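Residues per chain, in single letters:
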Amino acid sequence: MAERKLLVLFGSQTGTAQDTAERIGREATRRHLQCRVEALDSCDLANLIHEPLVVFVCATTGQGDPPDNMKMFWRFLFRKNLPPGSLCQLDYAVLGLGDSSYPKFNFVAKKLHKRVLQLGGNPLLPVALGDDQHDLGPDAVVDPWLVALWDKILALYPLPPGLEIISPDTRLPPKYTLHYLPEDSPPPEGDLVQPTAPRAVPSELHPFAAPVVSNQRLTAQSHFQDVRLIEFDITGSGITFSAGDVVMIQPQNCPEDVQQFCQLLRLDPDKRFVLKPTEPGTSLPPLLPQPCTIRHLVTHYLDISCVPRRSFFELLSYFSTNELEREKLQEFSSAQGQEELYSYCNRPRRTTLEALWDFPHTTCAIPVDYLMDLIPHIRPRAFSIASSTLAHPDRIQILMAVVQYKTRLSKPRRGLCSTWLASLNPEQGDVRVPLWVKKGGLKFPADPATPVIMIGPGTGVAPFRAAIQERVAQGRRGNYLFFGCRQKSKDFYCQAEWEELVAKGFLTLFTAFSRDQEEKVYVQHRIQENRRLVWELLSSGNAHVYLAG
């Protein structure tokens, strides 16, 4: 009998595709299939030709781009020299997650499906196009598609005699088990933050612990929004970047939330443990030290401030000893309960920690082994780099608005990363932030004669500050900036710097202060007023136009 094994590969930017891929993995386990779930870029592509059965789950980002963790796979798949029949042994299915309000809706999934077909793959089903815009979200497409998928797979790979599908009422084993170490075992070697000695160029798996040099508020104290210019020291990191590039920052949970979480789940934050995978062949989470403390796990790894997904409530329902709580959790994890879940979680932006508060009987019964299955890891945040090494060697600066807003919940919502970064005070000792750099989407012209028109209202001006610093250091003069904010006296970021460059003839600046007069004035009004100049630059100067929000 053919080996019953399935490979689920995902390309995920915000975690939705990964969450769906893991759901398929659980459903495969219930059908007694050997199943691996991996990011597309973590999988050994040379082995793809030996895989009998693969399900691809992929999101589309930006303007029809593949997510970061499938970019290498994407390049490999579209190589011209791949033989047409190279995937002829492969049965496959593609599940796309997208948003139909974008012109390139589910572009990656459609293109992937077509390419694998071209290489000889045998599609089990038409490509599924999940849509965020649907009232029930992507699940409206995913749920029925998965029913059809399992019918196809079980027809090809029937259950072995005497085995039944594991009932949805039965809880599956956790991905890892947590083994506490005795109190008197020797402490781990060295600090939990990796030493700053450069190995390779810093990356998500090996971030650089950059000291915070300064953290300065740029908006007036009376202004409703707190915007910071934060500077990091990257001396000795091996990091290089140019204007338009992006710095990725790995944030952490605040001590109060960590303490609350540990109290709710009755965990001792100082206890040390090692992780063991339940299934042989499962790799350990790359960013967790072994051994590790509960405090480190909750502070640096578990995303207790994210809005929980349907899969969270589904797993939680298995631990519930309280009938009322269990019924509610089962409703939230059912197809019919998705609208109710949306108004409980997504609309008010309720966090995982707050949801756990609402289910106290269940929360104190969560087995510690299931923490990694229940709560996703904290995702890095991307910021446009707002400085050039030509002006600030060995430094990276970012321009960051501290995220805070109200929903119907009494407590204001706060952005995890921006709140944490804003709280860091370099005057209180050595404060470090794990970071690495990624190529950005903005490329500035190589030809020094090409003028550049930059439209950057608010913190959208960040990448243009880097570009202007870089271009001025190279002696380039054709820099035109349209900047907009509310009030000249309150949120005109980097005003002195711009005015100095204008005085020196390096910059032409147009400002729109929307609230400084009766009628509101925005950058588009300034572009219209200066249409002759803009047209002149475009038609005879071959100017490049850049826009950042």
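Residues numbered from 1 in each chain as written. Predicted model: local features only at pLDDT ≥ 70, side-chain atom pairs only at ≥ 80, totals over all residues. Heavy atoms only, no water.

The name recorded for the protein in an unreviewed UniProt entry is NDOR1 oxidoreductase, from Pachyramphus minor. Turning to the protein, the UniProt record has this under Catalytic activity (unreviewed entry): "2 oxidized [2Fe-2S]-[protein] + NADPH = 2 reduced [2Fe-2S]-[protein] + NADP(+) + H(+)". Here the protein is described in UniProt, under the heading Subcellular location (unreviewed entry), as follows: "Cytoplasm". (UniProt positions renumbered as here; feature names shortened; annotations may be inferred.)

Q: Would you mind going over the overall build of the protein with me for this structure?
A: Helices and strands together make up the secondary structure of the protein, namely 17 helices and 21 strands. The C-alpha atoms of the protein give 26 Å as radius of gyration, which agrees with the globular expectation for 549 residues (24 Å, within 12%). Along the longest, intermediate and shortest principal axes, the C-alpha atoms of the protein span 85 × 60 × 50 Å. Taking all 549 residues of the protein together, the buried fraction comes to 48%. Pairs at least 24 residues apart make up 77% of the contacts formed inside the protein by residues separated by at least 6 positions. (Helix = DSSP H or I, 4+ residues; strand = E, 2+ residues; numbered from the N terminus. Rg over C-alpha atoms; globule rule 2.2 N^0.38 Å. Buried < 20%, exposed > 50% of the residue type's maximum accessible area, 1.4 Å probe, protein only. Contact = heavy atoms within 4.5 Å.)

Q: Would you explain the domain arrangement of the protein in this entry?
A: Accessible area lost when the parts come together is the quantity often used to give the size of an interface. Examined at the domain level, the protein breaks down into domain 1 (5-156), domain 2 (259-374) and domain 3 (452-547). Inter-centroid distance (C-alpha atoms) of domain 1 to domain 3 is 43 Å. (Domains from an automatic or database assignment.)

Q: I'm lost on the packing of aromatic side chains in this one. Help?
A: Under the counting rule described, the total for this entry stands at 13 aromatic pairs. Residues Phe313 and Phe332 carry aromatic rings whose centres are separated by 5.2 Å and whose planes lie at 70 degrees to one another, so their mutual orientation is edge-to-face. Taken together, the positions of Phe313 in helix H7 (residues 310-319) and Phe332 in helix H8 (residues 323-332) put the pair 19 residues apart, joining distant regions of the chain. Looking at Phe313, the relative accessible area reads 0%, which means it is buried. (Phe/Tyr/Trp six-rings, centres within 6.5 Å; stacked < 30°, edge-to-face > 60°.)

Q: Explain the packing of helix H1 (residues 16-30) against H7 to me, please; I cannot follow it from the model alone.
A: The description of two packed helices rests on the angle between their axes and on the distance between the axes. Running from N to C, H1 and H7 point in directions that differ by 40 degrees, and their axes come no closer than 10 Å. With respect to H7, the element H1 is oriented oblique. For the pair formed by H1 and H7, the contact residues are Asp19, Arg23, Arg26 and Arg30 on the first element and Arg310, Ser311, Glu314 and Tyr318 on the second. Here the residues of the contact of H1 with H7 sort into one nonpolar, one polar and six charged. (Axes fitted to C-alpha atoms, helices over the stretch in contact; angles between N-to-C directions. Parallel < 35°, antiparallel > 145°, perpendicular 65-115°, else oblique. Nonpolar A, V, L, I, M, F, W, Y, C, P; charged D, E, K, R; others polar.)

Q: Looking at this model, I keep getting lost on the sheet that holds strand S12 (residues 292-293). Mind explaining?
A: Two orientations exist for strands paired in a sheet by backbone hydrogen bonds: parallel and antiparallel. If you trace the three strands from one edge of the open sheet to the other, you get S7-S11-S12, paired in antiparallel fashion. For this open sheet the edge positions go to strand S7 (176-180) and S12, each flanked by a neighbour on one side alone. Bridge analysis of strand S11 (residues 272-277) against S12 gives two bridges, and the strand direction is antiparallel. Across the sheet, residue Phe273 finds its bridge partner in S12, namely Cys292. (Pairing = 2+ DSSP bridges.)

Q: So what exactly am I meant to see when it comes to helix H14 (residues 462-473) here?
A: Three- or four-residue spacings in an α-helix give side chains the same orientation, since the helix completes a turn every 3.6 residues. Here H14 spans 17 Å end to end across twelve residues, near enough to the 16 Å set by a 1.5 Å rise per residue. Judged by how many residues are buried, H14 sits mostly within the fold: eleven of twelve residues are covered. Positive backbone phi, approximately 80 degrees, marks Gly475, located one or two places after H14. (Expected span 1.5 Å × (residues − 1).)

Q: In this structure, what is going on with helix H9 (residues 338-346)? I would like to understand it.
A: Turning to H9, its buried residues number three or more, namely Gln338, Leu341, Tyr344 and Cys345. Summarising the axial view, the buried residues of H9 lie within an arc of 125 degrees, below the 170-degree limit, and thus occupy one face. Packing partners of the buried residues in H9 comprise helix H4 (139-156), H7, H8 and helix H10 (352-358). (Arc of directions from axis to C-beta.)

Q: Help me understand the UniProt feature "domain: Flavodoxin-like" (unreviewed entry) in the protein, please; the structure alone is not making it clear to me.
A: The positions UniProt marks with the feature "domain: Flavodoxin-like" (unreviewed entry) are residues 6-150. Taken as a whole, residues 6-150 contains 32% helix and 23% strand, while its terminal C-alpha atoms sit 12 Å from one another.

Q: How should unusual backbone geometry be read in this particular structure?
A: Comment: phi is negative for the bulk of residues other than glycine, and the bulk of peptide bonds are trans. Cis geometry marks the peptide bond from Gln290 to Pro291, where omega comes out at -10 degrees. Residues other than glycine seldom take positive phi values, yet Cys494 does so here, at roughly 60 degrees. Relative to the helices and strands, Cys494 is located in the loop between strand S19 (479-485) and helix H15 (495-503). For Cys494, a relative accessible area of 13% corresponds to the buried category. The residue Asn542 is not glycine, and still its phi comes out positive at about 55 degrees. Take Asn542: its relative accessible area is 55%, and that puts it in the exposed class.

Q: When you look at the UniProt feature "domain: FAD-binding FR-type" (unreviewed entry) in the protein in this model, what are you seeing that I'm missing?
A: According to UniProt, the feature "domain: FAD-binding FR-type" (unreviewed entry) maps to residues 205-445 in the numbering used here. End-to-end, the C-alpha atoms of residues 205-445 are 32 Å apart, and along that stretch the chain is 29% helix and 21% strand.

Q: Is there a simple way to explain the sheet that holds strand S18 (residues 452-455) in this structure?
A: Spatially, four strands are ordered S20-S19-S18-S21 in an open sheet, and the strand pairing comes out parallel. Where the open sheet ends on each side, the last strands, each with one partner, are strand S20 (507-513) and strand S21 (544-547). Going across the sheet, the axis of each strand differs from the next one's by a mean of 15 degrees, ignoring polarity. Alignment of S18 against S21, held across four bridges, turns out to be parallel.

Q: How should the pairing of strand S1 (residues 5-11) be read in this particular structure?
A: Burial analysis of S1 places six of its seven residues in the buried class, which makes it a mostly covered element. By the bridge criterion, six bridges tie S1 to strand S2 (residues 34-39) in an arrangement that is parallel. Looking at S2, one finds that Phe10 is bridged to Ala39. A crossover connection joins S1 to the parallel S2 through H1; in handedness this β-α-β unit is right-handed. Where S1 lies against strand S3 (residues 53-59), five bridges are found, and the strand directions are parallel. Looking at S3, one finds that Leu9 is bridged to Phe56. (Right-handed = clockwise from strand over helix to strand, strands pointing away.)

Q: Honestly, the nonpolar core in this entry has me stumped. Any pointers?
A: Within soluble globular proteins, side chains that are nonpolar generally end up buried alongside one another. Formed by 40 residues in total, the largest nonpolar core has its most connected members in Phe261, Leu297, Leu302, Phe313 and Leu371. Tallying contributions element by element places H7 first for this core, with five residues. Contacts of Leu297, omitting those with residues within four sequence positions, involve Phe273, Leu288, Cys292, Leu302, Leu371 and Met372. Of all hydrophobic cores here, the second largest spans 28 residues; its members include Val227, Phe464, Ala466 and Phe513. (Core = buried A, V, L, I, M, F, W, Y, C linked by side-chain atoms within 4.5 Å.)

Q: Sorry if this is basic, but what is going on with the environment of Thr20 here?
A: For Thr20, the position within the fold is in helix H1. Taking the C-alpha atoms as reference points, Thr20 and Ser311, separated by 291 residues in sequence, lie 8.7 Å from one another. For Thr20, the contacting residues outside a window of four places in its chain are Val57, Leu95, Leu97 and Val142.

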